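The residues making up each chain are set out below.
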Amino acid sequence: MNFTFKAAHSNFYLKEEISNFETDISLITDENIINNGLNNVPLSRDRLVLVTNQKLRSFQLSDLEKSTLLVTEKGCSYREQMEKLLYKNNINPMQILEFIGIESLKLYIKNFGGIALLPEFTISKELISENLFILPFEYEFPDLKTNILYNTNTKKSSIDSFINYVFNL
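Note that this is a predicted model, so its numbers are computed, not measured.

Here is what the cut-offs are and how they apply
- Residues numbered from 1 in each chain as written.
- Predicted model: local features only at pLDDT ≥ 70, side-chain atom pairs only at ≥ 80, totals over all residues.
- Heavy atoms only, no water.
- Helix = DSSP H or I, 4+ residues; strand = E, 2+ residues; numbered from the N terminus.
- Buried < 20%, exposed > 50% of the residue type's maximum accessible area, 1.4 Å probe, protein only.
- Contact = heavy atoms within 4.5 Å.
- Areas by Shrake-Rupley, 256 points an atom, 1.4 Å probe, with all protein chains shown as cover.
- 1 Å grid on protein atoms, 1.4 Å probe; cavity = no way out; pocket = protein on both sides within 12 Å on 5 of 7 lines; lining within 4 Å.
- Points joined across faces, edges and corners; volume = space filled by probe spheres on them.
- Nonpolar A, V, L, I, M, F, W, Y, C, P; charged D, E, K, R; others polar.
- Pairing = 2+ DSSP bridges.
- Axes fitted to C-alpha atoms, helices over the stretch in contact; angles between N-to-C directions.
- Expected span 1.5 Å × (residues − 1).
- Salt bridge = Lys/Arg side-chain N within 4 Å of Asp/Glu carboxyl O.

*Asks:* Before we go on, may I ask you to explain the overall build of the chain in this structure?
*Replies:* Counting its regular elements, the chain contains five helices and eight strands. The burial tally for the chain puts 40% of its 169 residues in the buried class. The contacts of the chain with a sequence gap of at least 6 include a subset with a gap of at least 24, amounting to 77%. Put simply, the chain shows about 10400 Å² of open surface, and 49% of that area lies on carbon and sulfur atoms.

Written as structure tokens, this is what we have:
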């Protein structure tokens, strides 16, 4: 079995690669995992939260119009959730800054502020150290699901044993 680790912000292309045996196995995080005949092994469910670098007592949807919104790259599943919310409510943030990765986004928000929608597990240390705070926001974003996907017709018997060994399933 060969391993290639890459970030891909399009689940469609990853699923195509697995279906065509170009990729053996993939970890996919999204709101809904549609497996298209692929083996689908659930790993986790993660809550999405709006965060900033200040503790606020209240926050309304309309406050986003006066805010700098920090987002990850286009195609990222949690960026898509934020875009859906903005579009559905006709909200235009004052400014939107795009980051290539979560770590650079977290560093920016800690030092300069702004608002970001992130999976809670990615900011757990910052919440404990009170470098970031969850905004008191009434809206419930759908949980993100992380699953392992692989082709059910693979000829590589080592995939099942690899998944069982690495993920203790």
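*Asks:* Please clarify how empty space enclosed by the protein should be interpreted in this entry.
*Replies:* Empty space among the atoms becomes visible once a probe the size of a water molecule is rolled across them. For the coordinates displayed, the defined rule picks out one cavity of 30 Å³ or more. In terms of lining residues, the largest cavity is bounded by L69, L70, V71, T72, Y78, R79, M82, A116 and L117. Put simply, the parts of the chain that give the lining of the largest cavity at least two residues each are β4 (68-71), α2 (77-88) and β6 (115-119). Residue composition of the lining of the largest cavity, grouped by class: seven nonpolar, one polar and one charged.

*Asks:* What's the story with the sheet that holds strand β8 (residues 144-151) in this structure? I'm lost.
*Replies:* Consider a sheet: its strands pair through backbone hydrogen bonds, and that pairing is either parallel or antiparallel. Reading across from one edge, β1-β8-β2 is the order of the three strands in this open sheet, with antiparallel pairing throughout. At either end of the open sheet lies a strand with only one pairing partner, and these are β1 (25-30) and β2 (38-46). Taking the axes of each pair of neighbouring strands and ignoring which way they run, one obtains an average angle of 20 degrees across the sheet. With eight bridges joining them, β2 and β8 adopt antiparallel strand pairing.

*Asks:* Just to check I follow, could you spell out α2 for this structure?
*Replies:* Given 3.6 residues per turn, any residue in an α-helix points the same way as the ones three and four places further on. The end-to-end C-alpha separation of α2 is 17 Å, in line with the 16 Å expected for 12 residues at 1.5 Å each. When α2 is considered as a whole, its buried residues turn out to be S77, Y78, R79, Q81, M82, L85 and L86. Looking one or two residues past α2, N90 carries a phi angle of roughly 55 degrees, positive in sign.

*Asks:* Sorry, what's going on with the pattern of salt bridges here?
*Replies:* Oppositely charged side chains may form a pair once their charged atoms are brought near each other. What the rule picks out here adds up to eight salt bridges. Its salt-bridge partner being K106, residue E103 comes within 3.2 Å of it at the nearest N-O pair. Here E103 and its partner K106 are both found in helix α3 (residues 102-112), three residues apart, which amounts to about one turn of the helix. Accessibility expressed as a relative area gives 5% for K106, which makes it buried.

*Asks:* Please explain the sheet that holds β6 as it appears in this structure.
*Replies:* Taken in spatial order, the five strands make up an open sheet running β5-β4-β6-β3-β7, and their pairing is mixed. Each edge of the open sheet is held by one strand with a lone partner, namely β5 (95-98) and β7 (133-134). Bridging between strand β3 (residues 48-52) and β6 involves four bridges; their strand directions are antiparallel. Note on β6: the bridge partner recorded for L48 is P119. Set on the sheet, α2 makes contact with β3, β4, β5 and β6; between it and β6 the angle comes to about 130 degrees. Seen against the sheet, α3 touches β3, β4, β5 and β6 and runs at an angle of roughly 140 degrees to β6.

Limitation: the analysis is restricted to geometry and does not speak to function.
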